[in-house]
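# Remarks on the overall topology
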Amino acid sequence: KLLNKMEPNGILFTDWDKLYSYVYTAEIEVKRKDISLHEYLFMDNGSLPEATLAYIVANIDSRPIYFTLFVDELNKLYEVEQVGDSLYLIRRN
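This write-up is about the structure you can find in this document. (Residues numbered from 1 in each chain as written. Predicted model: local features only at pLDDT ≥ 70, side-chain atom pairs only at ≥ 80, totals over all residues. Heavy atoms only, no water.)

## What to know about the environment of Lys-5
Following the sequence through the fold, Lys-5 ends up in the segment before strand E1 (11–14). A relative accessible area of 45% means that Lys-5 is categorised as partly exposed. Each C-alpha atom of the pair Lys-5 and Leu-87 lies 8.5 Å from the other, and the pair is 82 residues apart in sequence. When sequence neighbours within four positions are dropped, the list of residues in contact with Lys-5 reads Tyr-66, Val-83, Gly-84 and Leu-87. (Helix = DSSP H or I, 4+ residues; strand = E, 2+ residues; numbered from the N terminus. Buried < 20%, exposed > 50% of the residue type's maximum accessible area, 1.4 Å probe, protein only. Contact = heavy atoms within 4.5 Å.)

Shown next, in the form of structure tokens:
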């Protein structure tokens, strides 16, 4: 259900526990090779790593970017829209 709510060429950040099942579902079951899947990590202070933020900046204008949890830090930087159960789309303000 979650992958079907994603726009084409989407990027999804999720936790390690769900990453493999999403990769398997996207690649094998629903044939969504257009989706890039990544584990989200947090620094000791609870913020996203600079590399993750740079990746978002590099892609946000050309690809839809999703997280499977609400990240307050992103809410301060971008418009965050809940588009499904545990699925949040971020866009430039």
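Here the narrative resumes.
## Details of the environment of Gly-10
Secondary-structure assignment places Gly-10 in the segment before E1. Put simply, Gly-10 and Leu-69 are 59 residues apart on the chain and 16 Å apart in space, counted from C-alpha to C-alpha.

## A few points about a nonpolar patch on the surface
On the surface, a nonpolar cluster with roughly 350 Å² of combined accessible area is contributed by Tyr-20, Tyr-24 and Ile-28. As for its placement among the helices and strands, Tyr-20 is situated in helix H1 (residues 16–29). (Patch = residues over 30% accessible without salt bridge, like charges linked within 9 Å, V, L, I, M, F, W, Y side chains within 5 Å. Areas by Shrake-Rupley, 256 points an atom, 1.4 Å probe, with all protein chains shown as cover. Salt bridge = Lys/Arg side-chain N within 4 Å of Asp/Glu carboxyl O.)

## Details of the pairing of strand E5 (residues 87–91)
Taking burial as the measure, the 5 residues of E5 include 4 buried ones, the bulk of the element. As paired elements, strand E3 (residues 65–67) and E5 share 3 bridges and run antiparallel to each other. Looking across to E5, one finds that Ile-65 is bridged to Ile-90. From the end of strand E4 (residues 79–84) to the start of E5, which pair antiparallel, there are 2 residues, and Ser-86 there has a positive phi angle of about 55 degrees. (Pairing = 2+ DSSP bridges.)

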